[in-house]
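# Survey of secondary and tertiary structure
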Amino acid sequence: MVLHAGSSGCWVPNCLFLSARNTGNSKADSHDEMNSEIFEDWFTNKLMKNLPTSPPCIIVTDNAAYHSRLQFRLPNRSTRKDDVISFMVQHNLEVPNPLPTISVLLELIKEANISREFVIDEITRYFGHEVLRLPPYD
């Protein structure tokens, strides 16, 4: 597994990540060796901390699962009612009193149009940069 970043001008210094955990299997899929925890650690501590702060950079990424971990999941029908209420409170949504059915609460959340947020997008914004996600491919 090799992670690095660069632009037309040069490679980002101190950003190289190498991993050779599965060298015995030449058909091994590199995605088997990467996960969100490893990627986000590299992204935060190697990439973001070594990018120039000015001008802001645009980070182009694909839709690999480890690039796309969500900050939170929207509640669904299998979510416990207490957890749905906690979600509403965390997102500053009014919780009706008396409490309606879980279906009504889920509809209120849907109407609030809460956008999905990816962990690396939030990290990138914190450092003053922007993520550009490539469209999914088949």
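Structure first, text after, so check above.
Everything numeric in this text was worked out from a predicted model, so none of it was measured.

## Notes on the side chain of Ser 36
Structurally, Ser 36 is set in helix 1 (residues 36-47). Given a relative accessible area of 16%, Ser 36 falls into the buried group. Beyond its immediate sequence surroundings of up to four residues, Ser 36 is in contact with Ala 65, Tyr 66 and Arg 69.

## Quick word on the nonpolar core
Residues Phe 39, Trp 42, Phe 43, Leu 47, Met 48, Leu 51 and Ile 59 are the most contacted members of the largest nonpolar core, which totals 20 residues. The element best represented in this core is helix 1, accounting for four residues. Once residues within four sequence positions are removed from consideration, Leu 47 is found in contact with Ala 5, Val 12, Cys 15, Trp 42 and Ile 59. Core analysis: the second largest hydrophobic core is formed by nine residues, Ile 85, Phe 87, Met 88 and Leu 106 among them.

## Section: unusual backbone geometry
A cis amide bond, omega -5 degrees, links Ser 54 with the succeeding residue Pro 55. Structurally, Pro 55 can be placed in the loop between helix 1 and strand 3 (58-61). Residues Asn 97 and Pro 98 are joined by a peptide bond in cis, for which omega reads 5 degrees. The residue Pro 98 is located in the loop between helix 2 (81-90) and helix 3 (102-111) in this model. Look at Asn 92: it is not a glycine, yet its phi comes out positive at around 55 degrees. Its place among the elements puts Asn 92 in the loop between helix 2 and helix 3. Residue Asn 92 is classed as exposed on the basis of its relative accessible area, which comes to 71%. For Asn 113, which is not glycine, the phi dihedral falls at a positive 55 degrees.

Conventions adopted
- Residues numbered from 1 in each chain as written.
- Predicted model: local features only at pLDDT ≥ 70, side-chain atom pairs only at ≥ 80, totals over all residues.
- Heavy atoms only, no water.
- Helix = DSSP H or I, 4+ residues; strand = E, 2+ residues; numbered from the N terminus.
- Buried < 20%, exposed > 50% of the residue type's maximum accessible area, 1.4 Å probe, protein only.
- Contact = heavy atoms within 4.5 Å.
- Core = buried A, V, L, I, M, F, W, Y, C linked by side-chain atoms within 4.5 Å.

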